[in-house]
Amino acid sequence: MILNTLYTSVACNRTPDSLDWSDDGLIYFGAKNAIAVLDVQQEAVKIVRTLTGHKARVNCVRAVRNAGHLGVQLVSGSDDGTCILWNTVETGKAAAKFMLIGHSKGVTTVEAFVEQPTGQLIVATGSVDSTIKLWRAESDTRFGCFQTIDLRSGLTFGMKLFALPQSNVTMLAYTTDTDTVNLCIESSSQGDTERRFVQVEQLKGHCDWVRGLDCIRLPGSQDLLLASCSQDSFIRLWRISPRHTLQKQKAYEEIAPDEDIQLEERTFTVGSEDAGNVFHYALSLESVLQGHEGWVYGVHFCLRKGEELHLLSSSIDKTLIGWKPSESGVWMESVRVGEVGGSSLGFYGGKFSPDGRSIIGHGFQGSLHLWRSDDDSSGSTGGLWNPGIIVGGHFGGARDLAWDPVGGAFLVTLSEDQTTRVHAPWRRRTGEQPETWHEIARPQVHGYDMQCLTLLSRYRLASAAEEKIIRIFQAPSNFVHNFRALCGITEDREGDGIVEGNPMGASVPSLGLSNKAVFEVEKPETEGRHIKDMYPEHYFSPVSMDRPPAEETLMQNTLWPEVQKLYGHGNELYAVTASPDGTLLASACRATSADHAQILLWDTATWRITQQLSAHQLTVTQLAFAPNNLSLLAVSRDRTFSVFERSTTVGESSNFELKMRSDKTNGVHTRIIWCCDWSHDSVTFATGSRDGKVVAWKRNETPGTGAFFLPGAVLELKSESITAVAFARRMVADGCYLVAIGCERGCIKLYALGEWNLLMNIEESNAHHLTVKRLSFRPAVEDHQLASCGDDGLVRIYSIKV
């Protein structure tokens with residue numbers, strides 16, 4: 001069996017230091033408890049790997065430059081209180097090389113530096129336990145903490161390790177929940193061989209918390225430039241210069257037209273006169289940069305072409321600004337990228353690529369934004385910066401998914417981040433680039449955490465959030481145009497009807513939850529103000545796509561109009577499914593009694609309730625119609641399942657009758673039944689439970705025995721909770737079913753169902769590191785393609801060749 005991961009979708013964690021761009025060209029970012037590895041060097045942008053090892057959210061990721069003999073390329077810190085040093089190069093071995101355990105609470109910031117000329121790696125970790133710990137390799141297999149800096153009740157937000165020129169002494173700059181930057185140098189006290197960091201200076205000038213630091217040696221000079229950014233919206237540049245002789249502390253003034261600006265130069269000393277190696281350094285304020293209107297979370301230096309100095313700043317005001325010094329030495333804004341209007345909430349961080357020709361930013365909602373420089377352009381700004389193709393995903397747990405029922409042309413996912421998203425393959429017209437998957441639409445952006453969804457047809461979606469309403473959406477004509485263009489769809493009868501008579505798109509009114517249709521017809525001149533004039537930043541504008549859309553387009557211009565609300569349940573919705581022909585919708589809500597545990601059947605032509613099916617005492621956890629359209633399967637928290645069959649058609653209507661409900665004598669399962677699915681031929685179904693059992697049930701062909709279905713092969717996985725199960729759309733060799741099983745710990749197992757022969761075990765690093773919520777095989781493709789989603793926010797699509 002050959003497994004290939006076609007697509008991985010996930011958002012960046014919503015913390016300021018959760019992304020870094022490594023010298024190897026790969027982007028590493030925190031994705032829940034894992035680290036995602038993103039390759040943007042080729043046109044086929046793709047998450048190529050995930051690194052698992054942490055047990056809680058990853059807060060900070062830092063690439064290590066010049067890692068030396070230890071083979072450490074990456075450092076990360078997590079809410080689990082640990083810091084992991086990763087080896088991302090060696091294959092066939094565990095990527096987590098060292099785990100630093102010492103903090104009593106979550107690690108919120110990390111920094112790593114290779115000392116010269118020894119090549120020794122120093123790691124600094126800052127934690128919510130109000131300490132900074134410094135670590136050094138004690139051997140090839142162990143890292144040890146050699147110093148703890150007590151911040152009392154303070155928190156650290158930014159740290160930077162760098163070498164002072166001439167002396168090569170390591171300096172640590174760190175910030176806390178104050179308006180100062182603390183500078184420490186590594187030294188040893190008299191009679192003590194252990195080197196420790198001792199504070200020598202404080203940089204004052206900001207008037208709010210300092211959130212980020214970066215440092216660089218100026219090209220062609222011995223001077224260092226230290227950048228600090230703050231919640232006061234300012235960036236300050238500090239120069240650290242070596243002095244050959246100790247100069248007295250001096251201050252001088254520059255008179256501005258309306259105010260006095262006092263600039264101070266201070267000095268500090270490194271080394272010992274007894275040893276004869278004394279070095280003197282001067283500190284001075286180089287510049288104050290003002291351009292942002294909100295908190296500045298991060299700064300990042302870059303040397304472009306080896307000599308052009310640039311600084312990137314990222315702010316919650318929705319912008320990233322590139323700065324560079326003019327010929328006179330005055331720092332000027334060279335480029336400003338970001339978002340204008342829309343519903344986004346700014347940037348947590350941004351990084352230059354190693355060559356300085358690209359910029360990536362990660363937003364408040366976990367989105368990634370990429371810009372590439374056009375070197376062919378000329379001008380004072382250094383060229384145009386064009387949006388690049390990027391991948392994204394859910395920043396909350398992904399709870400449900402559904403394939404396009406017509407031909408599996410796209411996948412729709414739903415998450416507790418209050419969005420539904422459409423993922424589809426982008427087929428280039430030239431045929432030179434391989435097919436890659438991207439998010440192409442966001443049909444619903446809601447105000448409640450989403451729970452479940454189903455597709456009634458290719459362009460009709462039913463979704464339910466943690467509310468008592470089922471909402472029905474119809475794809476607009478603008479989505480159909482773009483979907484056909486990106487995915488190379490030619491035959492699409494349902495889409496033809498939508499293009500002719502449906503709205504162009506949808507918008508969400510302010511303080512509203514319903515997507516309102518937007519038509520192509522503009523307002524007559526005689527009418528009053530249009531809503532677009534009142535809320536232009538939230539209003540739909542039709543776009544024609546020749547490439548996957550950016551985050552701004554997804555949020556605002558890819559919504560689907562809501563066409564119907566279905567009221568009937570007394571509690572929050574938990575499960576929905578549609579019949580294969582799309583004529584019926586079955587739904588169930590959270591329940592603690594038989595009355596609320598009823599399954600409602602809706603006629604999708606009239607949107608009326610046609611039946612209320614009673615069988616369970618507690619919440620129905622999943623519903624599934626048989627592919628032959630004749631049976632409905634339900635599993636429940638009450639540890640039972642039920643099967644309903646269509647009765648003989650009378651006139652034009654048919655009802656479902658309860659044919660079987662499991663009990664203690666024939667149910668097999670002893671815990672909550674989480675999942676179920678039918679085989680493609682409607683002969684067999686499987687149920688998976690918290691007790692670790694997966695049971696294949698076969699139709700009873702012997703009349704008069706009582707049971708409608710009988711248990712066949714039983715798979716029992718010890719110490720596992722089964723949370724998802726899916727049948728492939730056709731048989732594999734020897735007349736066996738291919739069944740995928742998802743577990744609570746995140747792994748996915750592939751079995752040949754005859755006697756449950758294990759074909760492949762997809763471990764957490766290639767599957768999920770939290771609970772698998774849903775599995776589904778793609779219809780109408782040559783090979784087996786499996787989609788999965790989980791509580792870690794990951795959405796994956798695998799190609800499986802048996």
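In this text the structure is predicted, and so the values were computed from the model without any measurement. Every residue gets a number counted from 1 within its own chain, in the order that chain's sequence is written. Whole-chain, interface and lining totals are the exception, using all residues; otherwise, since this is a predicted model, local features are given only for residues with pLDDT of at least 70 and side-chain atom pairs are given and counted only at 80 or more. Excluding hydrogens and water, the side-chain figures rest on all heavy atoms present in the structure.

What follows deals with helix H1 (residues 477-487). Remark: exposure states derive from per-residue accessible area (1.4 Å probe, protein chains only) relative to the maximum for the residue type, with buried under 20%, exposed over 50%, and partly exposed in between. A run of DSSP states H or I qualifies as a helix once it reaches four residues; a run of E qualifies as a strand once it reaches two. Both are numbered from the N-terminal end. Of all eleven residues making up H1, nine are buried, and the element is well covered by its neighbours. Every buried residue of H1 is listed here: Ser477, Asn478, Phe479, Val480, Asn482, Phe483, Arg484, Leu486 and Cys487. Here, residues are in contact when the closest pair of their heavy atoms is within 4.5 Å. Buried residues along H1 sit in contact with strand S34 (419-426), strand S35 (436-445), helix H2 (493-501) and helix H4 (551-557). Glycine 488, located one to two residues past H1, shows a positive phi value of around 65°.

Attention now goes to the pairing of strand S27 (residues 331-338). For two strands to be treated as a pair, DSSP must find no fewer than two bridges joining them. The pairing of strand S26 (residues 319-325) with S27 spans seven bridges and is classified as antiparallel. In the sheet register, tryptophan 323 faces S27, and the bridge partner there is glutamate 333. Here S26 folds back onto S27 in antiparallel fashion, the turn holding five residues, of which glycine 329 has a positive phi close to 95°.

Fine structural detail should not be taken from predicted coordinates in areas where pLDDT scores are low. On average, residues of the protein score 87 in pLDDT, and 89% of them reach the 70 mark or higher. Confidence of the prediction at every residue is given by pLDDT, a number between 0 and 100. Here residues 246-261 is modelled with pLDDT under 50, and outside its nearest four sequence neighbours on either side it reaches 20 contacts, counting other chains as well. Between residues 377-381, whose pLDDT stays under 50, and residues either more than four places distant or in other chains, the model counts four contacts.

Turning to the packing of aromatic side chains, a few remarks are in order. The pairing test for Phe, Tyr and Trp rings, Trp by its six-membered ring, is centres within 6.5 Å, and the orientation test on the planes gives stacked under 30 degrees, edge-to-face over 60, and tilted for anything in between. One pass over the full model with this rule turns up 26 aromatic pairs. Cluster of aromatic residues (ring-pair linked, three or more members): Phe410, Tyr459, Phe479, Phe483 and Trp560. In this structure, arginine 136 packs its charged tip against the face of phenylalanine 146, placed 4.1 Å from the ring centre. A ring has a charge above it when a Lys NZ or an Arg CZ is no more than 6 Å from the ring centre and no more than 35 degrees off the ring normal. Seen from the ring of tryptophan 426, arginine 428 lies directly overhead, with NZ or CZ sitting 3.8 Å from the centre.

A word on the sheet that holds strand S33 (residues 411-415). With antiparallel pairing, four strands are arranged side by side in an open sheet as S32-S33-S34-S35. Each edge of the open sheet carries a strand with a single partner, namely strand S32 (398-403) and S35. On average, adjacent strands in this sheet sit at an angle of 25° to one another, irrespective of strand direction. Here an axis means a line fitted to C-alpha atoms, over the contact stretch when the element is a helix, while the angle between two N-to-C directions is reported on a 0 to 180 degree scale. Relative to the sheet, H1 contacts S34 and S35, its axis offset from that of S34 by approximately 35°.

We now examine the nonpolar core. Phe29, Leu38, Phe479 and Phe483 are the most contacted members of the largest nonpolar core, which has 46 residues in total. Broken down by element, the residue count for this core peaks at five residues, all from H1. We call a set of buried Ala, Val, Leu, Ile, Met, Phe, Trp, Tyr and Cys residues a nonpolar core when their side-chain atoms join them within 4.5 Å. Counting 21 residues, the second largest nonpolar core, distinct from the first, contains Leu164, Met171, Ala173 and Ile240.

With that out of the way, let us pick up the state of the cysteines. Cysteine sulfur pairs qualify as disulfides if the two atoms are within 2.5 Å. Here the structure, examined in full by the defined rule, presents zero disulfides. Unpaired in this structure, cysteine 675 has its nearest cysteine sulfur neighbour in cysteine 676, at a distance of 7.2 Å. The exposure class of cysteine 675 is buried, given its relative accessible area of 0%.

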